[in-house]
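# Remarks on the overall topology
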Amino acid sequence: MTSTNLPAARLTASQVLDTSEVNKSLRVLQGFLVSKQNLNTRAAYARDLSQLMTWCASYRVELLDLKRPHLDLYREALGSDRLSPASIARKLSSISAYFDYAVKARVVEDNPAASIERPTVSEDTPRTGLSQSEALALIEAARKAGRAPAALVALTLLACLRVSEALALNVEDIGREQGVAVVTVRRKGGKRFRVVLSEQALELLSPAIKKGAGALVRGERGARWDRRKATRVVNALAKEIKLGRSLCCHDLRHAAITNALIAGAPLEAVQDFAGHSSPVTTQRYNRARFQLENAAALQLGKFLTPAE
């Protein structure tokens, strides 16, 4: 069994064509990754499929030789790792996408993952982001922490960007249209979107903009931050404000969505703000911020209680 590290975000067509040292499974995998134009999508597939290749190596089976029983066993192994249903479902989808590619390339006859049973994923998002007071405290802590933390919080908490989108941005991506500050973002599928920046977001971004051309979120020596660095900084900010729980970068985007809804922004406006293709996705965040004390049953009970 051939094993290798896959620098998915940097794979080129020439690397795929250089197949002298790799087996058929890996050649197909490289081709599949390169077929994905979005580098973040490519990297996500690479992570999921590299994990599967490690599992295959332990059973001495080639990736393209996998059958349905193998994948049923792999799904059970993922479950024993205590992964969330959403994570397991995503990994199985990655496997299915790989085999779909292999079928279309006429390397295999069918997709063994096509009908594999996947865990049910809740319609509600399990995290609740940040309350208004927590968000305000985090913004202030980021401002004090320096140029890069302030820029990261401006882009995720105030502009509702995914961390991958925020870390990919350069100062040159910020401009003005009709008197309003906007930032041009490359989103899922490679499409470009213009996202409005509030005055507060611009104020937080100002030190990074004044630094000159280059990454908006970068270290003192100019190196662009990666996802791990961003996560460490967000957690450090959470400790600074004594939040009492850990944070990931998505929690800041989550907070942008929920607080926009609480502020009264229409669902369709928040959908556009978040870049969701469906309002159903946005509504999941709406449910997550729902206050139990405002439940319809309690409101109805109060309404139907006789006046004293």
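Note that residues are indexed from 1 along each chain, following the sequence as it is written. Totals for whole chains, interfaces and linings use all residues, but because this is a predicted model, local features are given only for residues with pLDDT of at least 70 and pairs of side-chain atoms are given and counted only at 80 or more. To get the side-chain values, take all heavy atoms of the structure and skip hydrogens and water.

### Observations regarding the overall build of the chain
Put simply, DSSP H or I for four residues or longer makes a helix, DSSP E for two residues or longer makes a strand, and each gets a number counted from the N terminus. Looking only at helices and strands, the chain has 14 helices and 3 strands in total. Between buried and exposed lies partly exposed: a residue is buried under 20% and exposed over 50% of the maximum accessible area for its type, with that area taken using a 1.4 Å probe on protein chains only. By the burial criterion, 42% of the 308 residues in the chain qualify as buried. In the chain, the share of contacts with a sequence separation of at least 24, taken over all contacts with a separation of at least 6, comes to 61%. A total of about 17600 Å² of accessible surface is found on the chain, and carbon and sulfur atoms cover 51% of it. Two residues form a contact once any of their heavy atoms are found within 4.5 Å. Areas reported here follow the Shrake-Rupley algorithm with a probe of radius 1.4 Å; residue values treat only the protein chains shown as occluding.

### Some points on the nonpolar core
Here, nonpolar core refers to any group of buried Ala, Val, Leu, Ile, Met, Phe, Trp, Tyr and Cys residues whose side-chain atoms link them within 4.5 Å. Counting 46 residues, the largest nonpolar core has L197, L216 and V217 as the members making the most contacts within it. With 9 residues, helix α7 (residues 147-158) is the single largest residue contributor to this core. With residues up to four places along the chain from it excluded, the contact list for L197 reads A159, I174, A181, V182, V183, L202 and L205. Residues Y74, L78, I88 and I95 belong to the second largest nonpolar core, which totals 29 residues.

### What to know about the packing of aromatic side chains
The rule is short: rings of Phe, Tyr and Trp, with Trp giving its six-membered ring, pair when the centres are within 6.5 Å, and they are stacked under 30 degrees, edge-to-face over 60, tilted in between. For the coordinates displayed, the defined rule picks out 6 aromatic pairs. One aromatic cluster is present, formed by F32, Y45, Y98, F99 and Y101 through successive ring pairs. In this scheme, Lys NZ or Arg CZ marks a charge over a ring once it lies within 6 Å of the ring centre and within 35 degrees of the ring normal. Here the guanidinium or amino end of K229 rests over the ring plane of W225, the centre of that ring lying 5.3 Å away.

### A look at α7
Expected helix span is taken as 1.5 Å per residue step, with the number of steps being one fewer than the number of residues. Compared with the 16 Å implied by 1.5 Å per residue over 12 residues, the 15 Å span of α7 between its first and last C-alpha is a close match. Among the residues of α7, R147, A148, P149, A150, A151, L152, V153, A154, L155, T156, L157 and L158 are the ones counted as buried.

### Focus on the sheet that holds strand β3 (residues 192-196)
Think of it this way: DSSP has to see at least two bridges between two strands before they count as a pair. A sheet is described by the order of its strands in space; here 3 strands give the open sequence β1-β2-β3, paired in antiparallel fashion. Edge strands, defined here as strands with exactly one partner in the open sheet, are β1 (174-177) and β3. Geometrically, the sheet is characterised by an average inter-axis angle of 40 degrees between neighbouring strands, direction not taken into account. Here β1 runs beside strand β2 (residues 180-186); their pairing, made up of 4 bridges, is antiparallel. Note on β2: the bridge partner recorded for E177 is V180. What counts as an axis is a line fitted to C-alpha atoms, over the stretch in contact for a helix, and the angles between N-to-C directions run from 0 to 180 degrees.

### With respect to the pairing of β2
In regular strands, side chains alternate between the two faces of the sheet. The turn joining β1 and β2, which pair antiparallel and follow one another in sequence, is formed by 2 residues; a positive phi near 50 degrees is taken by Q178. Both β2 and β3 contribute to a ladder of 5 bridges, which runs antiparallel. Its bridge partner lying in β3, R186 is registered against R192.

### A few points about the side chain of R147
Mapped onto the fold, R147 is located in helix α7. The class for R147 is buried, based on a relative accessible area of 14%. When neighbours within four sequence positions are excluded, R147 is seen to be in contact with P207, A208, K211, R218, G219 and E220.

### As for helix α2 (residues 24-34)
Where burial is concerned, most of α2 is hidden: 8 out of the 11 residues are buried. For α2, the set of buried residues is S25, L26, V28, L29, Q30, G31, F32 and L33.

### Notes on the environment of R227
Relative to the assigned elements, R227 resides in helix α10 (residues 227-240). When the C-alpha positions of R227 and L167 are compared, they lie 7.7 Å apart, and in sequence the two are 60 residues distant. Excluding anything up to four places from it in sequence, R227 contacts V163, S164 and L167.

### A few points about the confidence of the model for the chain
The predictor reports its confidence for every residue as pLDDT, a score running from 0 up to 100. For the chain, the mean per-residue pLDDT works out to 81, and 81% of the residues sit at or above 70. Here residues 1-22 is modelled with pLDDT under 50, and outside its nearest four sequence neighbours on either side it reaches 35 contacts, counting other chains as well.

### Re unusual backbone geometry
Despite not being glycine, R60 shows a phi value in the positive range, around 55 degrees. Within the secondary structure, R60 sits in the loop between α3 (39-59) and α4 (68-80). At K242, a residue that is not glycine, the phi angle is positive and equals roughly 55 degrees.

### Observations regarding the state of the cysteines
Whenever a pair of cysteine sulfur atoms sits within 2.5 Å, that pair is classed as a disulfide. A complete count under the given rule lists 0 disulfides for this structure. Of all cysteine sulfurs in the structure, the one in C249 sits closest to C248, which takes part in no disulfide; the separation is 6.9 Å.

### Overview of the packing of α7 against helix α9 (residues 199-210)
Between two packed helices, what matters for the description is the angle formed by their axes and the separation of those axes. Contact pair α7 / α9: the axes reach a minimum separation of 8 Å and the direction vectors enclose 150 degrees. In terms of orientation, α7 lies roughly antiparallel with respect to α9. Seen from above, α7 lies across α9 with left-handed handedness. Each of R147, A150, A151, V153, A154, L155 and L158 in α7 lies in contact with α9, whose residues at this interface are Q200, A201, L204, L205, P207 and A208. Each residue receives one of three labels: charged for Asp, Glu, Lys and Arg, nonpolar for Ala, Val, Leu, Ile, Met, Phe, Trp, Tyr, Cys and Pro, and polar for the others, Gly being one of them. Its residues assigned to classes, the contact of α7 with α9 shows 11 nonpolar, 1 polar and 1 charged. Reported orientations rely on four angle classes, namely roughly parallel under 35 degrees, roughly antiparallel over 145, roughly perpendicular from 65 to 115, and oblique for the rest. Note: crossing handedness is left-handed where the near helix turns anticlockwise from the far helix by less than a right angle, and right-handed where it turns clockwise.

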